[in-house]
Amino acid sequence: MSSLRPGNPACYNPLTMSQPRKKIIFSAMQATGRLHLGNLEGALRNWVRLQDEYELYAGIVDLHSLTTTFDDTSEVLENVREAAIDYLAAGLDPDKTAIVIQSWVPAHAELHTLLSMITPVGWLERVPTYKEKREQLHIANPSYGLLGYPVLMAADILVYRADVVPVGRDQVPHLELTREIARRFNHLYGNILPEPQSLLTEFALLPGLDGRKMSKSYDNCIYLSDSPDDVRRKVPDMFTDPTKLRKNDPGHPDQCPVYAYHLAYSPDTAPEVKADCEAGKLGCVDHKRQLADILIEAMTSYWERRAAIAADPDRLDAVLQDGARRARDKTAETMDLVWKAMKLR
Ligand code: ADP
C-alpha cells in the first residue's frame, strides 16, 4: 500500500527531483503517572535510536489519560511536564523530534471525532485491553471515552499519516485496529490515510517490583524521577524466586525479577550471579544490595541530565511550543485532505 503513495521514501519526485522524504513515526505515552524504567528501556531508548532515520513525533497523550483519571485531573499537567523532561533526558533531540502534547494539537481530537463515526462499536468491545482495564481498575460503568480509546489512538497515528509505529509484540493487535479504521476510511472516502506498518521492538518487558509487568497502573515502578534513596528503599522490597526461602537454597534466576534487572543493567556480571544463585551461594538480600548499586550507577548520568532540564522551565516551554507548532502544521495538511475527501469542505 504505502509504497504506491506519492512521497513515499522510496520515490523521488520526478518533477522536482527532490530527495526522498523521511518516513514518519508517531509514538506516544500516556500521562497517567510518572514514567518508569520500563518506559525508558522499552520505548524511549528506541525512539532515540530512531530519531535520526525517521521524522519522529513523540507524543504525550494527555487526552488518553482522561479515560481513567477524569475524576481527578489535578496531576495530569504535571505528569505531562515530567514526561517531557524524561523525553529530553533520555536523549530526544528537539531539533530532530517534535515533542507533542496531544491536547495542544486540536487535529487529534477532530480526526478522532470523524473516525468515531465510522468505527463499529463491536470492534471496540472486542479489544482485550478494554476488558482488562475495566477489571484491573474496577470500572463498573465504563465511559464512552474508555471504549473509544483505540479510536483516539488511531487518530493520533493517522493524523500524521505515519508510515510506521514502533510497537512491542503485545501491542501489534492495537495497531491492527488502527489499520482497519484507516482501511474503512479509505474505502468510504478515498485513499487518504495510509495504513501504518508496525516496527517491532524486541525488548523483554521489565518486571515491576511485584513481578508483574512494570506499569503505572500497578504502582509497582521504579520511576525515572526517583532518587537514589528511593531506589535503595524499593529494591529490597522486590519479589524474588518464591522457592528460594533461605540464602543457601538453589534459586531459579529466570523466574526472578531481581535477576531480570541484573541482566538488563549489568549483562557482563549476570552469568556469574546466575551461577552463584543457582548454586545457593548468593542470597537474595545480597543480590538486591548489588542490584541497587548497579541501578544507581546506571541512572546517575540520566538523573543529572533530568535535573538540568527541570531547572530550565523556559527552555522546556519553548521546546513544547515548538513541537506543538510543528505538529499543528503537519496535521493541518492531513485534515485538509480529510475534510475535502468527506465533502465537508
Ligand atoms: P504503562 O503500562 O506504565 O502505562 P504504557 O502502556 O504507557 O506504560 O507504555 C508506554 C511504552 O512503554 C510502550 O511502548 C510500552 O511498550 C513501554 N513499556 C511499558 N511498560 C514496560 C515494561 N514494563 N517493560 C518494557 N517496556 C514497557
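Everything quoted here is computed from the prediction, not taken from an experiment.

Enquirer: Would you take a moment to explain the overall build of the chain for this structure?
Expert: Regarding its fold elements, the chain presents 14 helices and five strands. Projecting the C-alpha coordinates of the chain onto the three principal axes gives extents of approximately 75 × 45 × 40 Å. By residue count, 49% of the 345 residues in the chain fall in the buried class. Residue pairs in contact within the chain that sit at least 24 positions apart in sequence constitute 76% of those at least 6 positions apart. Working note: accessible area of the chain is about 17,300 Å², and carbon and sulfur atoms make up 53% of it. Here the chain contributes 41 positively and 48 negatively charged side chains, and the mean placements of these two sets differ by 5 Å.

Enquirer: Quick question: what am I supposed to make of the site of the ligand here?
Expert: Neighbouring residues of the ligand: 14 residues in total, closest His36, Asn39, Leu206, Ser215 and Lys216. A distance of 2.8 Å separates a nitrogen atom of the ligand from a polar atom in the backbone of Leu206. Met214 places a polar main-chain atom, nitrogen or oxygen, 3.0 Å from a nitrogen atom of the ligand. Considering the ligand on its own, with 540 Å² of exposed area, one finds that the protein chains cover 86% of that surface. Counting residues per element, the shell around the ligand draws most heavily on helix H1 (residues 37-50), which supplies four residues. Broken down by class, the residue content of the shell around the ligand amounts to six nonpolar, six polar and two charged.

Enquirer: Sorry, what's going on with the state of the cysteines here?
Expert: Defined simply, a disulfide is a covalent bond joining two cysteines at their sulfur atoms. Overall, the coordinates contain zero disulfides when judged by the stated rule. Cys256 supplies the cysteine sulfur nearest to Cys221, a cysteine that is in no disulfide, at a spacing of 18 Å. Given the relative accessible area of 2%, Cys221 is considered buried. Between Cys256, a free cysteine, and Cys284, which holds the nearest cysteine sulfur, the sulfur-to-sulfur gap is 6.0 Å.

Rules behind the numbers
Residue positions are counted from 1 within each chain, in the order its sequence is given. Since the coordinates come from a predicted model, pLDDT governs what is reported: local features require at least 70, and pairs of side-chain atoms require 80 or more to be given and counted, while whole-chain, interface and lining totals use all residues. The basis for every side-chain value is the complete set of non-hydrogen atoms in the structure, without hydrogens or water. The helix count covers DSSP runs of H or I at least four residues long, the strand count covers runs of E at least two residues long, and both are numbered beginning at the N terminus. With a 1.4 Å probe rolled over the protein chains alone, any residue whose accessible area is under 20% of its type maximum counts as buried; one over 50% counts as exposed, and the rest are partly exposed. Residues are treated as being in contact if the distance between any of their heavy atoms lies within 4.5 Å. In these tables, accessible area is a Shrake-Rupley quantity obtained with a 1.4 Å probe, and a residue counts as shielded only by the protein chains included in the view. A positive count includes Lys and Arg, and a negative count includes Asp and Glu. His and the chain ends are not counted in either. For the purpose of locating charges, the reference atoms are NZ of Lys, CZ of Arg, CG of Asp and CD of Glu. The near set for a molecule or strand comprises every residue that places at least one heavy atom within 4 Å of it. N or O atoms within 3.5 Å of each other form a polar contact, as long as, within protein, one can give a hydrogen and the other can take it, and as long as residues adjacent in sequence are counted only when both atoms are side-chain atoms. For this classification, Asp, Glu, Lys and Arg are treated as charged, while Ala, Val, Leu, Ile, Met, Phe, Trp, Tyr, Cys and Pro are nonpolar and the rest, including Gly, are polar. Cysteine sulfur atoms are paired as a disulfide whenever they come within 2.5 Å of each other.

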